[in-house]
Amino acid sequence: MKQQGAHPGNTEGTPDASSRPDPAEPETAHIDEVEGDEPLLPARVHRPSDLMRLLAGVLAVAVLLAVAAFAHGTTSGLEQDINKGTGQAPDLLIKIAGLASSIAILLVPVAFAIERLIKRDGLRIADGVLAAVLAHGVTLATDLWVARAAPDSIQEALTQPSPGDVHALTDPVHGYLAPVIAYMTAVGMSRRPRWRAVLWVVLLLDAFSMLVTGYTTPFSIILTVLIGWTVAYGTLYAVGSPNVRPTGRTLMAGLRTVGFRPVTASRVESGDAAEAGDRGRRYFVTLEDGPPLDVTVVDREQQAQGFFYRAWRNLALRGFATRSSLQSLRQALEQEALLAYAAIAAGANAPKLIATSELGPDAVMLVYEHSGGRTLDSLPDEEITDELLRDTWRQVQALQSRRIAHRRLVGDAILVDRSGTVILTDLRGGEIAAGDLLLRMDTSQLLVTLGLRVGAERAVASALSVLGPDTVADCLPMLQPIALSRSTRGTLRKLARERAEREREAVLEAYRQSRPPRAEHGAHQVVLDKPDKKAVRAEQRAEKRAIDEALEEAREEDLLTQIRHEVLRIRPQAPVEPARLERVRPRTLISFIAGAIGAYFLLTQLTHIEFGPLISNAEWGWVAAAVLFSAASYVAAAMALLGFVPERVPFVRTVAAQVAGSFVKIVAPAAVGGVALNTRFLQRAGVRPGLAVASVGASQLFGLGCHILMLLSFGYLTGTEKTPSLSPSRTVIGGLLTVAVLVLVVTSVPFLRKFVVTRVRSLFAGVVPRMLDVLQRPQKLVTGIGGMLLLTACFVMCLDASIRAFGDETTSVSIASVAVVFLAGNALGSAAPTPGGVGAVEATLTVGLIAVGLPKEVAAPAVLLFRLLTLWLPVLPGWLAFNHLTRKAAL
């Protein structure tokens, strides 16, 4: 089957009038003829995705073994917790689960093999058997390595004394479980929802029964799953995966089976690669007699595309997300056919479904009457008339009158034929008997789709003329990005970046134009040595006024805001508060997982510490010193900020703002909350918005540079503490080489290079002009850099004092080592998505102090005291300072 690309402006799978013949003009000049005996496609393909999964599996195995080797306390604590929890399970339940899983774990793969052989798909079974044999060999090699050559920590994590023989150890890897997982993956059971669900239930039951009876460890189960998964994808990449996609011969034969006589066929490519796979492959077919056909082919591989995206949408959104993530081919066929018939019965113009058929065991096809025409995305602006917009709304109104939700009213799903009639296509993701929420989401989606082409005013006017003001006003709470389609959200993000870039360029241009007079005046001041403060302030006010005017002129409203304003002109009392559509946000989920991991790690470290004697023997003088160093850090933070702000800002109020930041970072990630608060504070203090962002960006940029330099310097000193020569440690060399490799990778890959350059440019736009202002004031520069060094010194001394409060001379570590541990922990805390770096910082600091030689009985309470003084105790003063500054209009 030869493929033919769609019209350049067409983003849908159906070609427009300029790229394919219409029934009235049976021309085939643009179509490659395909004979029925077209050669078959390759029977096997080496998919890059299999190679990527293989590499990911190898990396996961390496990470698991590294954790088992270096986090002995965590692994042993995890095993103890699981043993305590599973020890309460009833014996009868354990025996039933073990018996059922032992039988089913063999029967399910055999049953699936029989089902595949009946459908003449024996090559898959051969692949699965080969993968199972290889996985069994890998498990034997792993067992031998763990028993004879692996470190003791890995052996303890993967094995434990056998319940039947205390002198023997359990197997590090399960010799029967890994082959079953490899077989399951290689034969493609993961693409068959029901088989996959049954098998995973069996595997979980088996793992549960093995854990509670003491025949395995959690790390052993995880390693077994990873080995089976990795070997399967390695096998598939080496021998190739069976090509399940129907060939041209299969498609032509399938059409003949349902009574058609095809002559030619051409593949119509979709411009939207992100969503094309989920919609199926589209073909344009001509017949010996009769009008041409539009054929949609869906196979299992395409159906699996977007699985994780749909699963996340179903988890994150409140009960109206996408179609089921575990939909079978038969269900997909029936759903699309049902929606096609229901749409026509409702009176809407939709492609007429005339036949359906299976194309082998792994694909189905749906045959539609040829619609013709062009998509809305491919139409020129002058052809999108008001009547065309109203006709589009009438089609949607017909669907909604029968409670049918389209769920994807984007430009490439709206077809316009030669007569100007609107046809709604791509009904596969729709829903019948839809609730009001889905219908309102369709209305808001179409408003945005049309607004992207003709503007908010015309889009809203056409909707009002057909649906009425009440229906349009009811959709305003749905007018938010999360309720829109994936492609529409991407378009809105692109427009937002372009809009922000235009505003930024306007502000910078106004700033550059206002600088020359001030520079000349500054030179005049240097010559006369008599600065005229009134003149300088007048120039600053003029500069501020010019930039504010430029920003006001360049400011543009986003499309969603424009649509809201247009609707509110007709219905001022319409609800505009966005509806709560998200059940859980990605940041919330990541924060919860990271916090849970950090909390578990800390609890495992604290279970072996007796706090009573430890606190009674604490040196309270060092505790008081740690409190003083923590308090001094807010003064240093104020200096580090004001050093990059040429304008006059009250110092005391700046210190109060830094104290308020201790409250803000509890409710937001540290790298986000502090930046937002300082920017807002500077704006309220009279600094222009663009310059406030630039000042905070300059502070962050200098802080990053100082952080890296101090980390390398202290790391170098740490490596030379115990050596007579000043040779750097292997850790420093390894870190530098790692950074060099990452830089080379980023600079050599165009996509990564463009991504990094774009993000850095948007983050630090305006920083360079701001730094030129600071360089003209050496006192400011000294204040800023000195504040950064003093801030780091305060935190390092606070951590050192916390260590000395619980340790003695025999357990002390050098200041350089403490500095390296703090700088590493602080960097990880800034990158962690959890508020205040909770979990990540504690875990990093504790592990780092233990690594430099501090006993965990001292490291854990020292880290807790340090975090108590720098994170938790300042929350109440921070809340008071935040409220005080808010009342004073300083925030």
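## Observations concerning the overall build of the protein
- Helices and strands together make up the secondary structure of the protein, namely 34 helices and eleven strands.
- Taking all 891 residues of the protein together, the buried fraction comes to 47%.
- Of the contacts made within the protein by residues no fewer than 6 positions apart, 77% connect residues no fewer than 24 positions apart.
- Carbon and sulfur atoms form 63% of the exposed surface of the protein, whose accessible area is close to 43,300 Å².

## Considering the packing of aromatic side chains
- Applying the stated criterion to the full structure yields five aromatic pairs.
- Aromatic side chains Trp229 and Tyr233 sit 5.2 Å apart centroid to centroid with 80° between the ring planes, which places their arrangement in the edge-to-face category. Linking Trp229 with Tyr233, this pair stays in helix α8 (residues 218-239), spanning four residues, or about one helical turn.
- Both rings, one in Phe663 and one in Phe882, keep their centres 5.6 Å apart while their planes meet at 55°; by these two values the pair is tilted. Taken together, the residues Phe663 in helix α24 (residues 651-667) and Phe882 in helix α34 (residues 875-887) connect sequence positions 219 residues apart.
- According to the relative accessible area criterion, Phe882 is partly exposed, its value standing at 27%.
- Three or more aromatic residues joined by ring pairs form one cluster here, namely Phe795, Phe822 and Phe866.
- The ring of Tyr283 has Arg267 lying over it, and the distance from NZ or CZ to the ring centre is 6.0 Å.
- When the ring centre of Trp622 is taken as origin, the NZ or CZ atom of Arg804, which lies over that ring, is 5.5 Å away.

## As for the pattern of salt bridges
- Tallying each qualifying case throughout the model produces 17 salt bridges.
- Arg374 is the salt-bridge partner of Glu383, the closest N and O atoms lying 2.6 Å from each other.
- The partly exposed category is assigned to Arg374, whose relative accessible area is 22%.
- Here Arg804 and Asp800 are joined by a salt bridge, their closest N and O atoms 2.7 Å apart. Taken together, the residues span about one helical turn, with Arg804 and Asp800 both in helix α30 (residues 778-806) at a distance of four residues.

## So, the nonpolar core
- Counting 46 residues, the largest nonpolar core has Trp393, Leu447, Val448 and Ile563 as its most contacted members.
- When contributions to this core are tallied by element, the ones reaching two or more residues are α13 (329-345), α14 (386-401), β10 (414-416), β11 (422-424), α15 (436-454), α16 (456-467), α17 (469-474) and α20 (559-570).
- When residues no more than four places from it in sequence are discounted, the contact partners of Leu447 are Trp393, Ala459, Val460, Ala463, Val472, Cys475 and Ile563.
- The next biggest cluster of nonpolar side chains, apart from the first, holds 36 residues, and it includes Ala640, Leu823, Leu849 and Val863.

## Things to note about the sheet that holds β10
- Read across the sheet, three strands follow the order β9-β10-β11 without closing on themselves; strand pairing throughout is antiparallel. Every interior strand has two partners, whereas the edge strands, β9 (374-375) and β11, have only one.
- In the sheet, β9 pairs with β10 via two bridges, with the strands oriented antiparallel. Note that in β10 the partner of Thr375 across the bridge is Leu415.
- α14 contacts β10 and β11 of the sheet and is inclined by roughly 35° relative to β11.

## Thoughts on a nonpolar patch on the surface
- Together, Leu59, Val63 and Val67 make up a nonpolar patch on the protein surface, roughly 250 Å² of accessible area in all.
- Mapped onto the elements of the fold, Val63 is located in helix α1 (residues 48-70).

## Considerations on the pairing of strand β5 (residues 281-287)
- The element β5 is extensively covered by neighbouring structure, given that seven of its seven residues are classed as buried.
- Where strand β4 (residues 262-268) meets β5, six bridges bridge the pair, whose relative direction is antiparallel. For Val268, the partnering residue across the bridge sits in β5 and is Arg282.
- Of the strand pairs in this sheet, β5 and strand β6 (residues 293-299) are connected by five bridges, and their pairing is antiparallel. By the bridge assignment, Arg281 is partnered in β6 with Val297.
- Joining the antiparallel neighbours β5 and β6 is a turn of five residues, in which Gly290 adopts a positive phi near 105°.

## A word on α13
- Spanning 17 residues, α13 covers 24 Å between terminal C-alpha atoms, matching the ideal 24 Å at 1.5 Å per step.
- Downstream of α13 by one or two residues, Gly347 has phi in the positive range, about 95°.

## What to know about the packing of α15 against α16
- Following both chains from N to C, one finds α15 and α16 inclined at 140°, their axes separated by 7 Å at the closest point. The angle between the axes of α15 and α16 places the two elements in the oblique class. The element α15 and its partner α16 pack so that their crossing is right-handed. Each of Thr443, Leu447, Leu450, Gly451 and Val454 in α15 lies in contact with α16, whose residues at this interface are Ala456, Arg458, Ala459, Val460, Ser462, Ala463 and Leu467.
- Residues belonging to the contact of α15 with α16 are distributed by class as follows: eight nonpolar, three polar and one charged.

## Some remarks on the packing of helix α23 (residues 620-642) against helix α33 (residues 856-872)
- At their nearest, the axes of α23 and α33 sit 9 Å apart, and the two run at 40° to each other. Overall, the two elements α23 and α33 adopt an arrangement that is oblique. For the pair α23 and α33, the crossing hand works out as right-handed. Judged by residue contacts, Val623, Ala626, Val627, Ser630 and Tyr634 of α23 engage Leu865, Leu869 and Thr870 from α33.
- Looking at the contact of α23 with α33, its residues break down into six nonpolar, two polar and no charged.

## Focus: the environment of Trp620
- Here Trp620 shows up in helix α23.
- As a C-alpha pair, Trp620 and Arg804 span 184 residues in sequence and 9.8 Å in three-dimensional space.

## Things to note about the environment of Ala346
- In this fold, Ala346 is placed in the loop between α13 and β7 (353-358).
- Note: C-alpha distance between Ala346 and Ala398 (52 residues apart in sequence) is 5.9 Å.
- Contact partners of Ala346, with chain neighbours within four places excluded, come to Ala398, Ser401, Arg402 and Ile404.

## Points about the confidence of the model for the protein
- Put simply, the protein has an average pLDDT of 75, and 67% of its residues get 70 or more.
- For the protein, strand β1 (residues 3-4) is the element with the lowest average pLDDT, namely 38, and α14 is the one with the highest, namely 95.
- Contacts of residues 1-40 to residues separated by more than four positions or lying in other chains number 109 contacts, the stretch itself having pLDDT below 50.
- Scored below 50 in pLDDT, residues 517-530 shows 13 contacts in the model against residues more than four places distant or in partner chains.

## Some remarks on the side chain of Thr286
- Take Thr286: it is sitting in strand β5.
- A distance of 2.3 Å separates the side chain of Thr286 from the side chain of Thr264, its partner in a polar contact.
- Beyond its immediate sequence surroundings of up to four residues, Thr286 is in contact with Arg261, Pro262, Val263, Thr264 and Pro292.

## Some words on helix α6 (residues 177-186)
- Among the ten residues of α6, ten are classified as buried, and the element is accordingly described as predominantly covered.
- Among the residues making up α6, those that are buried are Leu177, Ala178, Pro179, Val180, Ile181, Ala182, Tyr183, Met184, Thr185 and Ala186.
- Note on α6: the residue one or two positions beyond its end, Gly188, has a positive phi of about 85°.

Calculation notes
- Residues numbered from 1 in each chain as written.
- Predicted model: local features only at pLDDT ≥ 70, side-chain atom pairs only at ≥ 80, totals over all residues.
- Heavy atoms only, no water.
- Helix = DSSP H or I, 4+ residues; strand = E, 2+ residues; numbered from the N terminus.
- Buried < 20%, exposed > 50% of the residue type's maximum accessible area, 1.4 Å probe, protein only.
- Contact = heavy atoms within 4.5 Å.
- Areas by Shrake-Rupley, 256 points an atom, 1.4 Å probe, with all protein chains shown as cover.
- Phe/Tyr/Trp six-rings, centres within 6.5 Å; stacked < 30°, edge-to-face > 60°.
- Lys NZ or Arg CZ within 6 Å of the ring centre and 35° of its normal.
- Salt bridge = Lys/Arg side-chain N within 4 Å of Asp/Glu carboxyl O.
- Core = buried A, V, L, I, M, F, W, Y, C linked by side-chain atoms within 4.5 Å.
- Pairing = 2+ DSSP bridges.
- Axes fitted to C-alpha atoms, helices over the stretch in contact; angles between N-to-C directions.
- Patch = residues over 30% accessible without salt bridge, like charges linked within 9 Å, V, L, I, M, F, W, Y side chains within 5 Å.
- Expected span 1.5 Å × (residues − 1).
- Parallel < 35°, antiparallel > 145°, perpendicular 65-115°, else oblique.
- Left-handed = near helix turned anticlockwise from the far one by under 90°.
- Nonpolar A, V, L, I, M, F, W, Y, C, P; charged D, E, K, R; others polar.
- pLDDT = per-residue confidence, 0-100.
- Polar contact = N/O pair within 3.5 Å; in protein donor to acceptor, adjacent residues only side chain to side chain.

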